[in-house]
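The chain contents come next:
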Amino acid sequence: MNDEKIKEKIAEKVKNMPKSGIRKFFDLVIGMENVISLGVGEPDFVTPWNIREAIVYSLEKGYTMYTSNKGLEELREEISRSIERDYGVYYNPEDEIIVTVGVSEALDLATRAIINPNEKVIVIDPSYVAYKPCVELAHGKALVYSTNIENGFKVDVDELERIVDENTKAMIINYPNNPTGVTYTKKELEEIADFAVEHDLIIISDEVYDKLTYDSKHVPIASLNGIRDRVIYLNGFSKAYAMTGLRIGYACANKHIAEAMLKIHQYTMLCAPITSQFAAIEALKNGKNAVKEMKEEYRRRRNYVYRRLREIGFEVVKPEGAFYVYPRIGINGEKFAEELLKKKRVAVVPGNAFGSSYRDFIRISFASSIKELKEAFDRIEEFINEIKIEKTI
Amino acid sequence: MENKDVEILRMLEEDAKLSISEIAKALELEEEEVKRKIREFEEKGIILKYKAVIDWEKVGLERVCALIDVKVAPERDKGYDSVANRIAGFPEVKALYLVSGAYDLSVLVEGRDMKEVASFVAEKLAPLERVQSTTTHFILKRYKENGIKFFGEEDKRRRLAISP
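Below or above, wherever it landed, is the structure these notes cover. (Residues numbered from 1 in each chain as written. Chains lettered and ligands numbered in written order. Predicted model: local features only at pLDDT ≥ 70, side-chain atom pairs only at ≥ 80, totals over all residues. Heavy atoms only, no water.)

1. As for the overall build of chain B
- When its secondary structure is counted, chain B shows six helices and six strands.
- Tracing chain B from N to C terminus, the helices and strands come up as α-α-α-α-β-α-β-β-α-β-β-β.
- Computed over its C-alpha atoms, the radius of gyration of chain B comes to 21 Å, more than 25% above the 15 Å expected for a compact globule of 164 residues.
- If you line up chain B on its principal axes, its C-alpha atoms span 60 × 45 × 30 Å.
- Evaluated residue by residue, chain B yields a buried proportion of 29% over its 164 residues. (Helix = DSSP H or I, 4+ residues; strand = E, 2+ residues; numbered from the N terminus. Rg over C-alpha atoms; globule rule 2.2 N^0.38 Å. Buried < 20%, exposed > 50% of the residue type's maximum accessible area, 1.4 Å probe, protein only.)

Put into structure tokens, the structure is as follows:
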């Protein structure tokens, strides 16, 4: 078979799916030296030692077998306890919690479990890169609603009213948000919850950055009155515990939804890696102090980066969580990112990777030390001054 | 002490080379305020000194350290303080602690070689009045000091430069 013929074999849906904007940029960075990257979606901290040590111990013990599809009972119990303790929401470890291969898998399970062909799911832009593709791979249609920087990237429920229709099944929300760092207050969540009730929507809530909330207390949408059973709550260990490569997360939902998700999980994944499950148990039991320390450090970096951006004069919303900031730079973000990388060896992600209406935005990750951030911002400032001079000439 | 004061100290303890401007931005303070606070810390003796942590082994300059357990007969009214003060005065003594257990003082002594450390113990430390006995443990290998590990470095280079 020649290339063209092989290409014909690819499923239409996948063929037509655009390559992630992030991947395109990744190819550019590869092979370049002395790059300071602010394009990273994971912590720069190494997994806390007690967690790594627990992994080594589990391997010494020979724990390399399958676990139950749902995940180790002890882990599900710890997850249940921690959500109840932190947020006052109870999920039964027996039939309402599934341990997954990161939040990524949980998102895939959630969309596939509830979407019938051509049903619509509201996705709020700028959004994490996987939401739209997951909805589409589940044969649904993404109904994109774009927030804007003037409103602080917050959802305006009146505008949601304008786009929702009979065929809308669910909405995906994500807070603290990747790429904006914006989070929601209880009152804002109540408005979203009322909207979901009124239109009988399922809410898929990706709250993986919950523990990295800097100025307020995180409120899970599932904790609001009367909403729990229509929420699929997704969380994981990657960000707060610096465990990205261990690929471990979980989904909590009403038992009927959980059971549907479990069906897909058991045939596609069977179970999350047992080694990572043991790491997660240790994280929940003894990880609090490490999370607190990392969070304090992220908060200082957030403050630092926010001030540097303000000094440069970019339009920017102060992130309240996660480790990203999403400034509007006033010129084409893709071009800016490419030139900045070539001329100054600083990598950022073009804003349109997170939504097509954000052409003049970039995403900056502050999962780097203040020293590195300082160097990166000094270079960005130099770069901007050079552009300004070029313009006046 | 205010939270921000503690945070300034923590940041400097971690990296004394951070500039006033970096600290001010990270803690949402004005530079003048940070400058004033640090001056106060220095004047009050809260910040005692800014030092570099050096791995002398890599420099190739051999230094020998020993931990010495010292039994002391405490002095009426003064306890261990006055003898501790006399021991602490020697530049060879890098650290000195009063400890619970089988002996009283734990002394970290540093010298150019074993002979120098041994003669310090024999000539200066052991003959001190009220010092009843000493036990010297030479340090054979340093694994971790001041919270810094000297081996088994973590490799962070594998983190992808761009990820979602």
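2. Some points on the packing of aromatic side chains
Residues and elements named next belong to chain A.
- Applying the stated criterion across every chain, the model contains 20 aromatic pairs over all chains.
- Residues F237 and Y241 carry aromatic rings whose centres are separated by 5.7 Å and whose planes lie at 40° to one another, so their mutual orientation is tilted. For the residue pair F237 and Y241, the accessibility class agrees, reading buried in each case.
- Through a chain of ring-to-ring contacts, three or more aromatic side chains come together here, namely F45, Y209, Y298, F323 and Y324. (Phe/Tyr/Trp six-rings, centres within 6.5 Å; stacked < 30°, edge-to-face > 60°.)

3. A word on the pairing of strand 3 (residues 105-111) of chain B
Residue and element names in this part refer to chain B.
- With six of seven residues buried, strand 3 lies mostly within the body of the structure.
- Relative to strand 3, strand 1 (residues 64-72) runs antiparallel, the two sharing seven bridges. From the neighbouring strand, V70 faces strand 3, where its bridge partner is L105.
- Pairing geometry for strand 2 (residues 93-98) and strand 3, over five bridges, is antiparallel. Across the sheet, the residue bridging to L96 is V107, located in strand 3. (Pairing = 2+ DSSP bridges.)

4. Focus: empty space enclosed by the protein
All names here are of chain A.
- Counted under the stated rule, the structure contains one cavity of 30 Å³ or more.
- Taken as a whole, the largest cavity spans an internal volume of roughly 120 Å³.
- I124, P126, N174, N177 and Y184 are the residues nearest the centre of the largest cavity, which is lined by 13 residues in total.
- Sorting the residues of the lining of the largest cavity by element identifies strand 3 (120-125) and strand 5 (168-174) as the ones contributing at least two each.
- At three residues, the largest contribution of residues to the lining of the largest cavity is made by strand 5.
- Each residue belonging to the lining of the largest cavity can be placed in one class, and the counts come to eight nonpolar, four polar and one charged. (1 Å grid on protein atoms, 1.4 Å probe; cavity = no way out; pocket = protein on both sides within 12 Å on 5 of 7 lines; lining within 4 Å. Points joined across faces, edges and corners; volume = space filled by probe spheres on them. Nonpolar A, V, L, I, M, F, W, Y, C, P; charged D, E, K, R; others polar.)

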